[in-house]
Structure formats: structure tokens, C-alpha cells
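This is what each chain is made of:
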Amino acid sequence: MMASVFTPKGFLTYGGAVLLLLGIVGFLGIFSESAYPAFWLDSSENVAHTGLGIIALAIVFVPGLNTMFEPYYRWIVILLGIVALFFGVYGFVVAGDTSMANTFGLANLENPADNILHLVVGAWALYTAWRPSAGMSMSR
């Protein structure tokens, strides 16, 4: 049975699958600047998305890795959420400044759709990490 999309394990599972798919689609050139000027991915972003997707799926599904990392799923998701929020906010900060659009020499965050996607993923990650589980009481 698959984990809920709003649990750390679910975030790593579904988010990892989406990142891997996004990276592969990016390598195929489907989200190129000429095809989709409003949302395109460069090769560094494709490498990052593919790598993060593979790692996320591996720590959930690879025997041995999953038992080793399971106690840390929540903290991993918090870290990913902070990183995604950083890139989402930073993308808006450097928007229009061509000298800064290439973030740390790794990725171009020049379009608002990419930044919004990072903000949504960051919010999803932090929500799943901090929301009470079904068995927990909301009062205290």
C-alpha cells in the first residue's frame, strides 16, 4: 500500500517520482526554451531533478536504505522543503537580473512558473513534515 501524499514517506515517493519524470522529460528536450518559453528546464536542472528523484525513490524502496533512512524521512523532507522554498524565493529576487539569473552556476531561475513550482513543492514538503498524523490530537 502506498503512503499518503501528505506524509514524509509519501512526499519522498510521489515527489521523487515527479522529479525523476521531470528530469527525464527535460533531458528529452520536451521542456525546452523554444517549445515552452514560460516553463523550460536547462541541463543542470535536469541533472538535479533526476538525481534528487532517484535518491528520494531509493531511500524509500531500496531494501537496507529504506530501513536506514526511515527514521530520518521527516528531516529529509524538511531539508528538501527549505531548499525548494529558497530556490523559489531566490528566483523571484533575481528575476530580470541576467547577471544573477544563473543561480550559483547551476540552474537558471528566470521564469515565474519555475519559481512558483519550487514554492509549491517547498510548501508541500513542510506541510507534510509538520502536519499532525491521523493518530495525533490537535489540542495541547
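Our subject is the structure listed above.
Attention here is on the structure that accompanies the text. (Residues numbered from 1 in each chain as written. Predicted model: local features only at pLDDT ≥ 70, side-chain atom pairs only at ≥ 80, totals over all residues. Heavy atoms only, no water.)

1. A few points about the overall build of the protein
Quick note on the threshold: Helical segments are the DSSP runs of H or I of at least four residues, strand segments are the runs of E of at least two, and each set is numbered from the N terminus. Note on classification: 1.4 Å probe, protein chains only; a residue is buried when its accessible area is under 20% of the maximum for its type, exposed when over 50%, partly exposed between these limits. Any two residues having at least one pair of non-hydrogen atoms within 4.5 Å are treated as being in contact. Per-residue accessibility takes into account occlusion by the displayed protein chains alone, with areas from the Shrake-Rupley method and a 1.4 Å probe.
Of the regular secondary structure elements, the protein holds 5 helices and 2 strands. Along the protein, helices (α) and strands (β) appear in the sequence α-α-α-α-β-β-α when read from the amino end. Looking at the protein residue by residue over its 140 residues, the buried ones come to 35%. Here the contacts in the protein between residues at least 6 apart in sequence split such that 64% fall between residues at least 24 apart. Here the protein displays about 8,400 Å² of accessible surface, and carbon together with sulfur accounts for 74% of that area.

2. Section: a nonpolar patch on the surface
The condition that has to hold: Distance thresholds for patches are 9 Å for like charges and 5 Å for nonpolar side chains (Val, Leu, Ile, Met, Phe, Trp, Tyr), applied to residues having over 30% relative accessible area and no salt bridge. Each salt bridge in this description consists of a side-chain nitrogen of Lys or Arg and a carboxyl oxygen of Asp or Glu lying within 4 Å of one another.
Side chains of V5, F6, Y14 and Y127 sit close together on the surface and give an oily, nonpolar patch of about 350 Å² of accessible area. For Y127, the location among the structural elements is in helix α5 (residues 112-130).

3. Comments concerning the packing of aromatic side chains
What counts is decided by this rule: Ring pairs are drawn from Phe, Tyr and Trp, using the six-membered ring of Trp, whenever the two centres fall within 6.5 Å, and their geometry is named by plane angle: stacked under 30 degrees, edge-to-face over 60, tilted for the rest. We count a charge as sitting over a ring when the NZ of a lysine or the CZ of an arginine lies within 6 Å of the ring centre and within 35 degrees of the ring normal.
Counted by the stated rule, this structure contains 4 aromatic pairs. Centre to centre, the rings of F6 and Y127 are 5.6 Å apart; their planes meet at 90 degrees, and the pair counts as edge-to-face. Residue F6 is located in the segment before α1 (8-27), and its partner Y127 is located in helix α5; the two are separated by 121 residues in the primary sequence. Since its relative accessible area comes to 47%, Y127 is described here as partly exposed. Centroid distance F86 to Y90: 5.4 Å. Interplanar angle 20 degrees. Geometry classified as stacked. Of the two residues, F86 and Y90 both sit in helix α4 (residues 73-93), 4 residues apart, roughly one turn of that helix. You can call Y90 buried: its relative accessible area is 17%. The structure contains a cluster of three or more aromatic residues connected by ring pairs, namely F86, F87 and Y90. Seen from the ring of W75, R74 lies directly overhead, with NZ or CZ sitting 5.2 Å from the centre.

4. Regarding the nonpolar core
Generally speaking, soluble globular proteins have nonpolar side chains that are buried together. The condition is simple: The term nonpolar core refers to a set of buried residues drawn from Ala, Val, Leu, Ile, Met, Phe, Trp, Tyr and Cys, joined through side-chain atoms within 4.5 Å.
Grouped together as the largest cluster of nonpolar side chains are 11 residues: F11, L12, A56, I59, V60, Y73, V77, I78, A125, L126 and A129. Listed by contribution, the elements that provide at least two residues to this core are α1, α2 (43-61), α4 and α5. With sequence-adjacent residues up to four places away left out, V77 is seen in contact with P8, F11, L12, A125, T128 and A129.

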